[in-house]
Amino acid sequence: MADEQVIEKLKELWNKYEEIEGKFKDEMDPVFDEPYYPGIAEKLYNPDKPMENRITDIGPPYFWQFMPPIIKKNFGKWKSHRIIRPGVIKRVSETGDVIYVVRCGTPRLETVDYIREICDIADKYCDGYVRWTTRNNVEFIVDSEEKLNALIEDLENRKHPNGSYKYPIGGTGAGVSSIVHTQGWIHCHTPAIDASGLVKSIMDEIFDYFGSHKLPAKTKLALACCLNMCGAVHCSDIAIVGIHRKPPFVEDDRISAVCEIPLAVAACPLGAVRPATVEIEGKKKKTVRVNVERCMFCGNCYTMCPAMPLADGEGDCITIVVGGKVSNRLSPPKFSRVVLTGIPNEPPRWPTTVKWIKRILEVYAQHANKYERVGVWIERIGWERFFELTDIPFTEKCIDDYRLAYTTYRTTTHFKFTKHVKTKLEDYYIQK
């Protein structure tokens, strides 16, 4: 079907969708009216005729099947929503229906028992319906104040043996939501830092901001354990990035046994890996060499070749970036900017990183105007004033030199510091 025909068909379906209040009665496959049935593939499979009733590439299940009945009934009709207390949202429909959403923080990595407990809570109060947010929070939806009060009391009484909340309520409005983060040491093979451990250490220190509205505006934190950045650090208010500073180490003695040299060479997006030959114990062996000047420490070569490890205890470090956002309120969306780098990797509690994150958050809470996100606040007071208030040392690493960022370059050498800020560059020239 030509692209024009596809577009016309979509327009026709969308018009019908609007006319019959969100239901493609004549156009939808009947399967969408059935309950979600995860075992359907096994039921249809015939081992004697494996190609019969074959289901492939069906994509994710249709979202409509997982929505609570009251949400389906009022889909597209919600008139207002109001945060009645940190972590609790009241939504009112044009039909008069009311729901209460209770948001709880959860760890990103969860045990089966923990998920089963969440499902038990949903069965008890929410007719079996539950949802996760994009920032790893879990939301329970109830339709009466009686259920709301009972649910909150139940959640607040569920605690770990050390007394901490299993399901802390919060993450809404002018506070900190859960930190969205990547895999870290527990799963990924290219991280420069851990994810879950560092996130836990940070949230332990700033937990008061999760269950309250003490900040000027919503504040989103993120963490990426390497520059491949499968987290949202490029557009979060405050974010942490793990940085590799050394190229892969080539294990010449075993690379030819565990790797296909052409694949390792082809894996590098910058052509920094080249085939080579070395002599080991009098025998010539095929290996590779890395052009350090071209390497960007992405770890693609290690993905293809386990004999090219990238992690290094001394070379890996932490960078803090601030000021990003996706919202276009008050100002356009912004990318985050580097303010601190070279912070040492200090497991298990990462005290230096935690100290600076908490410091930035406290200064922001003290000096920003109401409704100002971190980036908007910094733009109002100026970056020089931000460095002064937070006591972050200004270094050459804070200067934007990305060659494609022409529109964000600072086109003047004038800085407006109101007090003397000692820099690493100054130390260098004094010593010289």
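Note that the structure is predicted; figures quoted are calculated from it, not measured.

Student: I'm lost on the overall build of the protein in this one. Help?
Tutor: A count of helical and extended segments in the protein gives 13 helices and twelve strands. Expressed as a percentage of contacts within the protein between residues at least 6 apart in sequence, the contacts between residues at least 24 apart total 64%. Accessible area for the protein stands at about 25900 Å²; split by element, carbon and sulfur atoms hold 53% of it.

Student: Would you mind showing me how to read the sheet that holds strand β4 (residues 131-132) here?
Tutor: Sheets are built from strands paired through backbone hydrogen bonds, the pairs being either parallel or antiparallel. In spatial order, the strands read β1-β2-β3-β5-β4; together these five strands make up an open sheet with antiparallel pairing. Of all strands in the sheet, those bounded by a partner on one side alone are β1 (78-85) and β4. The sheet contacts of helix α4 (residues 112-125) involve β3 (98-105), β4 and β5 (137-142), and relative to β5 the element is tilted by about 15°. Sheet contacts for helix α5 (residues 145-157): β1, β2 (88-93), β3 and β5; angle to β3, the most-contacted strand, approximately 10°.

Student: Explanation requested: the nonpolar core in the structure shown.
Tutor: In globular proteins that are soluble, nonpolar side chains generally tend to be buried together. Formed by 42 residues in total, the largest nonpolar core has its most connected members in Ile202, Ile320, Val322, Trp377 and Phe386. Secondary-structure elements contributing two or more residues to this core are α6 (196-206), β7 (221-224), β8 (238-243), β11 (317-322), β12 (337-344), α10 (351-367), α11 (374-381) and α12 (383-390). For this core, the element with the most residues is α10, which contributes seven residues. Sequence-distant contacts of Ile202, defined by excluding residues within four places in its chain, comprise Ile179, Leu221, Ile240, Val354 and Ile357.

Student: What exactly am I supposed to notice about the packing of α10 against α12 here?
Tutor: The interhelical angle for the contact between α10 and α12, taken along N-to-C directions, is 115°, at an axis separation of 10 Å. Considered as vectors, α10 and α12 are oriented roughly perpendicular to each other. Once α10 is placed against α12, the crossing between them reads as right-handed. Note on element contacts: α12 touches α10 through Phe386, Leu389 and Thr390, opposite Trp356, Arg359, Ile360, Val363 and His367. Here the residues of the contact of α10 with α12 sort into five nonpolar, two polar and one charged.

Student: For this particular structure, what's the right way to read α6?
Tutor: Working note: α-helix, 3.6 residues per turn, so residues spaced by three or four point in the same direction. Taken as a whole, α6 has its buried residues at Gly197, Leu198, Val199, Ser201, Ile202, Met203 and Ile206. On its buried face, α6 is in contact with β6 (180-181), β7, β8, β11 and α10.

Student: Is there a simple way to think about the side chain of Ser177 in this case?
Tutor: Following the sequence through the fold, Ser177 ends up in the loop between α5 and β6. Take Ser177: its relative accessible area is 9%, and that puts it in the buried class. When residues no more than four places from it in sequence are discounted, the contact partners of Ser177 are Arg135, Asn137, Gly171, Met203, Phe210 and Thr219.

Student: Before we go on, may I ask you to explain the sheet that holds β7 in this structure?
Tutor: What the five strands build is an open sheet, ordered β6-β7-β8-β11-β12; its pairing is mixed. In this open sheet, the two strands that pair with only one neighbour each are β6 and β12. Of the strand pairs in this sheet, β8 and β11 are connected by six bridges, and their pairing is antiparallel. Looking at the pairing, Val241 lines up with Thr319 of β11. Seen against the sheet, α6 touches β6, β7, β8 and β11 and runs at an angle of roughly 155° to β7.

Student: Is there a simple way to explain the pairing of β2 in this structure?
Tutor: For β1 and β2, the ladder comprises six bridges, and the chain directions are antiparallel. By the bridge assignment for β2, Arg82 is matched with Lys90. The antiparallel pairing of β1 with β2 creates a hairpin that spans two residues between the two strands, and Gly87 there sits at a positive phi of about 90°. Judged from the five bridges that link them, β2 and β3 form a sheet pairing that is antiparallel. Counted as the bridge partner of Val92 is Val98 from β3. Between β2 and β3, which pair antiparallel in sequence order, lie four residues; one of them, Gly96, sits at a positive phi of approximately 100°.

About the thresholds
- Residues numbered from 1 in each chain as written.
- Predicted model: local features only at pLDDT ≥ 70, side-chain atom pairs only at ≥ 80, totals over all residues.
- Heavy atoms only, no water.
- Helix = DSSP H or I, 4+ residues; strand = E, 2+ residues; numbered from the N terminus.
- Contact = heavy atoms within 4.5 Å.
- Areas by Shrake-Rupley, 256 points an atom, 1.4 Å probe, with all protein chains shown as cover.
- Pairing = 2+ DSSP bridges.
- Axes fitted to C-alpha atoms, helices over the stretch in contact; angles between N-to-C directions.
- Core = buried A, V, L, I, M, F, W, Y, C linked by side-chain atoms within 4.5 Å.
- Buried < 20%, exposed > 50% of the residue type's maximum accessible area, 1.4 Å probe, protein only.
- Parallel < 35°, antiparallel > 145°, perpendicular 65-115°, else oblique.
- Left-handed = near helix turned anticlockwise from the far one by under 90°.
- Nonpolar A, V, L, I, M, F, W, Y, C, P; charged D, E, K, R; others polar.

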